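For reference, the chains in residue letters:
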Amino acid sequence: MRKTRVSVPLAVLAVLIALGFFSCAADKRDEKVVFIDLEAVISEEKKRIFSRVLRGELSREEAEERVGRFFIRFGEVLADYEKEGYLVLDAKSVLGGGRDITGEILKELSIREKENE
């Protein structure tokens, strides 16, 4: 009978330790989950290109070329996040947790565009 009383508190302690460990592991994993508003990123680039076409700064062919280069740059930026161990999700798919990096992505795309001009 005495062994049962000792075993129950030890079992409860073991469960609490395990839950604490898994909670910490989950927190670290959540830090590597980021999300972007994919629609906003593409919309922002479309606005930029369209406004330049309207101002006469770009021809239709140049605009199409810019769209192609945008998607190449966008893929490179996402690949950089993946290399750093991040899981990048579309914001519409995220129900909770993670960190929104839409602003960071837009800034990085803008910097890379200027470097390529």
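Scroll up to find the structure this text is about.
All values derive from a computational prediction rather than experimental measurement.

(A) Region of the structure containing the pattern of salt bridges. Counted under the stated rule, the structure contains 13 salt bridges. R69 is paired through a salt bridge with E65; the nearest N and O atoms lie 2.5 Å apart. Note that R69 and E65 are positioned in helix 3 (residues 60-83) at a spacing of four residues, about one turn of the helix. What makes R69 partly exposed here is its relative accessible area of 29%. A relative accessible area of 47% means that E65 is categorised as partly exposed. Put simply, R112 and D80 hold a salt bridge, and the shortest N to O gap is 2.3 Å. Of the two residues, R112 is situated in helix 4 (residues 102-116) and D80 in helix 3; the sequence distance between them amounts to 32 residues.

(B) How the structure looks around helix 2 (residues 38-54). The end-to-end C-alpha distance of helix 2 is 24 Å, a good match for the 24 Å that 17 residues give at a rise of 1.5 Å each. Within the sequence span of helix 2, burial applies to V41, E45 and I49. Looking down the long axis of helix 2, one finds its buried residues gathered within 55 degrees of arc, a one-sided arrangement. Of the exposed residues in helix 2, those oriented more than 90 degrees away from the buried face are E39, K46, K47, F50 and L54.

(C) Structural view of the sheet that holds strand 3 (residues 99-100). On the basis of which strands lie adjacent, the open sheet formed by three strands has the order 2-1-3 and parallel pairing. The sheet terminates laterally at strand 2 (87-90) and strand 3, the two strands that pair on one side only. Taken together, the two bridges between strand 1 (residues 33-36) and strand 3 define a ladder with parallel strand orientation. The residue bridging V34 from the neighbouring strand is R99, located in strand 3.

(D) Spatial organisation of the pairing of strand 1. Bridge count for strand 1 against strand 2 is four bridges, and the pairing is parallel. Residue V34 lies in a different strand from strand 2, and its bridge partner there is V88.

Definitions and cut-offs
- Residues numbered from 1 in each chain as written.
- Predicted model: local features only at pLDDT ≥ 70, side-chain atom pairs only at ≥ 80, totals over all residues.
- Heavy atoms only, no water.
- Salt bridge = Lys/Arg side-chain N within 4 Å of Asp/Glu carboxyl O.
- Helix = DSSP H or I, 4+ residues; strand = E, 2+ residues; numbered from the N terminus.
- Buried < 20%, exposed > 50% of the residue type's maximum accessible area, 1.4 Å probe, protein only.
- Expected span 1.5 Å × (residues − 1).
- Arc of directions from axis to C-beta.
- Pairing = 2+ DSSP bridges.

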